[in-house]
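Breakdown of the fold
Spelled out from the first residue to the last, the chains are:
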Number of protein chains: 2
Amino acid sequence: MSFSVSEFCQRAKAASLQLARLTEAEKNAALEAIAQGIEEQQASILAANALDMAAGREKGLDDAMLDRLLLTPERLLKLAAAVRQVAALPDPVGQIRDLTTRPNGIQVGRMRIPLGVIAMIYEARPNVTADAGALCLKSGNAVILRGGREALHSSLAIAAVMQQALRQQGIDPAAISVVPDPDRDLLLQLLQQKQYIDLVIPRGGEGLIHFVSDHSKIPVIQHYKGICHLYVDKDADLDKALALLLNGKTQRPGVCNALETLLVHQQIAEHFLPKAAAALAAQQVDVFACAQSLGFFAAAQLADAQQFDTEYLRLALSVKTVPDYAAAIMHIQRHSSGHTEVICTQDYSTAQRFIRDINSAVVMVNASSRFSDGGELGLGAEIGISTSKLHAYGPMGLESLTTEKYLVLGDGQVRS
Amino acid sequence: MSFSVSEFCQRAKAASLQLARLTEAEKNAALEAIAQGIEEQQASILAANALDMAAGREKGLDDAMLDRLLLTPERLLKLAAAVRQVAALPDPVGQIRDLTTRPNGIQVGRMRIPLGVIAMIYEARPNVTADAGALCLKSGNAVILRGGREALHSSLAIAAVMQQALRQQGIDPAAISVVPDPDRDLLLQLLQQKQYIDLVIPRGGEGLIHFVSDHSKIPVIQHYKGICHLYVDKDADLDKALALLLNGKTQRPGVCNALETLLVHQQIAEHFLPKAAAALAAQQVDVFACAQSLGFFAAAQLADAQQFDTEYLRLALSVKTVPDYAAAIMHIQRHSSGHTEVICTQDYSTAQRFIRDINSAVVMVNASSRFSDGGELGLGAEIGISTSKLHAYGPMGLESLTTEKYLVLGDGQVRS
């Protein structure tokens, strides 16, 4: 019997209607059952993961990919703990805000509701299956999980455990379902099912996100790259600036909220850049500097035209000296990927201007770009990051998986 | 010299950066200058409108279309007044909510910002040019207006007045620009400019919206149709129910928030349907009824399979008797267009269930569907209605033209 994408999606849609009506207590009970299931059924998940690992080794996946693919008893306990953390987050669904009374006596407010059905498209990280499943369940959404071929056995095993827990709790197991075949044609079909799917969230490299965006008839959360800037103003506290620079670039260089570009006001360049040069050299950071900055670095290369649009994802940094604040803003507006920008300044008015002038998803004053993360910003958990402004912008938590309807409470009023 | 869509959009994008930084006072001054311009330069706008009217008559446009196209001195005064009403609305931009302090001392909040550049695609209503221009300006967005060929002279004349007012106020006139050529190929090019345009809002018939959605690389606000339901529960106050039915169906039948379907609980059908039948007959409403309801109407036709998916936009109504509350919900979930649904009931628990069970954009208890409108719901003005859940859902006011960025205020904190 062949697999029907549209029937698969239709079942998820039907489940979403039940999910939208569950109380928070019912959803939390299901999440606890899922966490217990992951703990108790480690053997079946690890056996499935061993199949994926063997195939991965045979296929010649590199060590980093194999490590992302690997599940261990310890990692499964962490996964179960993460599911319990999602259960502990407040449920956004059902919140009513701004319930006000109109002149004719009708009450009008906004009530938060689930989106419906979310499709997650991701690569070879089996933990996304549990994480995304838990976040969608807590926010009352059905989820269709389409992971990479490399993690398929693991994902199906985790989903089987989750579905068993849903069944135990009287919830339609189609609420969390894994596409059982990672065929690309089926993915293309999936991206056409706009009558059943409300939102597509791709998680992975730029290629995956472009592929999904280009082919989807459904709205897609877009997050291509993070070219995060630190602008060290003439009125910066240079010790703070140095700490922000090092933390932003070196604490974890391979992630999207790491710094890629340092902009320095020319008035403090001769004070700051020598310190920065020494500290960056000590951390083996490759520097690509503008002509004006180059002389401060012992081993920097001259930045070429592409440098300021490059997301290094490694210990490398672009450096530019700017004549004034306005030039820094213009540089950021031209080269920003809309992710995170930081100003380091002690001047009140300059800080206020920056907050208004820069409209990236996260705008910071005197704080490390590495805080640009759902957990650090207090969302509790993160299902993705959006660098396009529609629907969600920046790190996405539970609220980003919901929308608001209007609620009107009357007593028989009609329009005249 | 040929017209370049991408340069046109690039200019709007550049203007959007200036607009995003304007204070509310500066935007209000520009709106007042626009309103005065419309009042003082009536002659040039009316002369341009006369060209459109003459061409429309020659082309054989029907009376309704010609009426929508027509501008008069009185209509221009109303247009200027509408611009002043937009100026009087509170500015959502710059609002900061939920600024809380994290354990490490950084403050994290959300700050409302403009979307950037909005493209409005509409048909032959020249007033949309001024309305949409004013709403986008107030919310700090640049707008690209692409109206129908029939209203082109009028739209360009109105835009010229608006741009002159912007220039007077030191604002880049590209903040409000009309595509000078309604060629369909240029529209297709416009819908590809995702590096410059953040949101597309089509206003018009279902054909226009499908065309725009199918061809756009940019997110599109979708509003296909309004199949609004009134469910008269067994515990309804039948006088209220009758008032809601008549107001919903007959007060203005040609609009999307008019009722298309009446669902009646079978327990009160024999009490309610005879009254409904008499009242509907008195208003010359054509009734398409299910087999069980049919006998209560003197002149109804039996509803066929398509009837319950039809947006009549005229004095016609589908009627169905349902065995219980659950059947009403199932019917609505199956046939709803996601616009507006109303329950009429005096039972507290049933009202509470309905509020949770139905997730259309507007959910009402004991109020007329005709209130489903930005003005009636207190938004002040409406730029469109969304029946898809992403970004905006239901009537869209100024807030729907904005998004929120994260704001992080630190004192040198780094991540450990």
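Residues numbered from 1 in each chain as written. Chains lettered and ligands numbered in written order. Predicted model: local features only at pLDDT ≥ 70, side-chain atom pairs only at ≥ 80, totals over all residues. Heavy atoms only, no water.

- Chain A goes by Gamma-glutamyl phosphate reductase in an unreviewed UniProt entry, where it is assigned to Rheinheimera marina.
- UniProt's Pathway (unreviewed entry) comment on chain A is quoted here verbatim: "Amino-acid biosynthesis; L-proline biosynthesis; L-glutamate 5-semialdehyde from L-glutamate: step 2/2." (UniProt positions renumbered as here; feature names shortened; annotations may be inferred.)

1. Focus on the pattern of salt bridges
Residue and element names in this part refer to chain B.
- Under the counting rule described, the total for this entry stands at 39 salt bridges over all chains.
- Between Glu404 and Arg110 there is a salt bridge, with its nearest N and O atoms 3.9 Å apart. Remark: Arg110 occurs in strand 2 (residues 107–114) and Glu404 occurs in strand 16 (residues 402–413); sequence separation between them is 294 residues. Residue Glu404 shares its accessibility class with Arg110, and that shared class is buried. (Salt bridge = Lys/Arg side-chain N within 4 Å of Asp/Glu carboxyl O. Helix = DSSP H or I, 4+ residues; strand = E, 2+ residues; numbered from the N terminus. Buried < 20%, exposed > 50% of the residue type's maximum accessible area, 1.4 Å probe, protein only.)

2. Observations regarding the side chain of Gln413 of chain B
- Note on placement: Gln413 of chain B falls in strand 16.
- For Gln413 of chain B, a relative accessible area of 16% corresponds to the buried category.
- A distance of 2.5 Å separates the side chain of Gln413 of chain B from the backbone nitrogen of Asp411 of chain B, its partner in a polar contact.
- If we skip the residues at most four places from it in the chain, Gln413 of chain B touches Leu244, Asn366, Ala367, Ser368 and Phe371 of chain A together with Asn104, Gly105 and Ile106 of chain B. (Polar contact = N/O pair within 3.5 Å; in protein donor to acceptor, adjacent residues only side chain to side chain. Contact = heavy atoms within 4.5 Å.)

3. Here we look at the UniProt feature "domain: Aldehyde dehydrogenase" (unreviewed entry) in chain A
- Look at the UniProt record and you will see "domain: Aldehyde dehydrogenase" (unreviewed entry) annotated at residues 5–285 of chain A.
- When the span residues 5–285 of chain A is considered, its composition is 54% helix and 16% strand, and the gap between its end C-alpha atoms is 48 Å.

4. Here's the deal with the environment of Cys344 of chain B
Residue and element names in this part refer to chain B.
- Mapped onto the fold, Cys344 is located in strand 12 (residues 340–344).
- Cys344 sits in the buried class, given a relative accessible area of 0%.
- The spatial distance from the C-alpha of Cys344 to the C-alpha of Val264 is 9.8 Å, given a sequence separation of 80 residues.
- Each residue touching Cys344, except ones within four places of it in the same chain, is listed here: Leu230, Tyr231, Val232, Asp233, Ala236, Asp237, Lys240, Ala241, Leu244 and Asn366.

5. Thoughts on the domain arrangement of chain A
- For chain A, the assigned domains read domain 1 (5–222 + 400–408) and domain 2 (228–371).
- Relative to domain 2 of chain A, the C-alpha centre of domain 1 of chain A lies at a distance of 36 Å. (Domains from an automatic or database assignment.)

6. Some details on the packing of aromatic side chains
All names here are of chain A.
- Per the stated rule, a full pass over the model turns up six aromatic pairs over all chains.
- Seen from their ring centres, Tyr231 and Tyr325 are 6.3 Å apart, and the 65° between their planes marks the pair as edge-to-face. Of this pair, Tyr231 sits in strand 7 (residues 228–232) while Tyr325 sits in helix 13 (residues 325–335), and the two are 94 residues apart along the sequence. Accessibility assignment for this pair places Tyr231 and Tyr325 in one class, buried. (Phe/Tyr/Trp six-rings, centres within 6.5 Å; stacked < 30°, edge-to-face > 60°.)

7. Some points on the relation of the copies chain A and chain B
- Overlaying chain A on chain B yields an RMSD of 0.0 Å, the required transformation being a rotation through 180° with an accompanying axial translation of 0.0 Å. Both copies are brought into coincidence by an operation consistent with a two-fold rotation axis. For chain A, the residue whose C-alpha comes nearest the rotation axis is His391 of chain A, separated from it by 1.8 Å.
- Interface residue correspondence from chain A to chain B reaches 100%, placing this contact among same-surface, isologous pairings. (Least-squares fit on C-alpha atoms with pLDDT ≥ 70 in both.)

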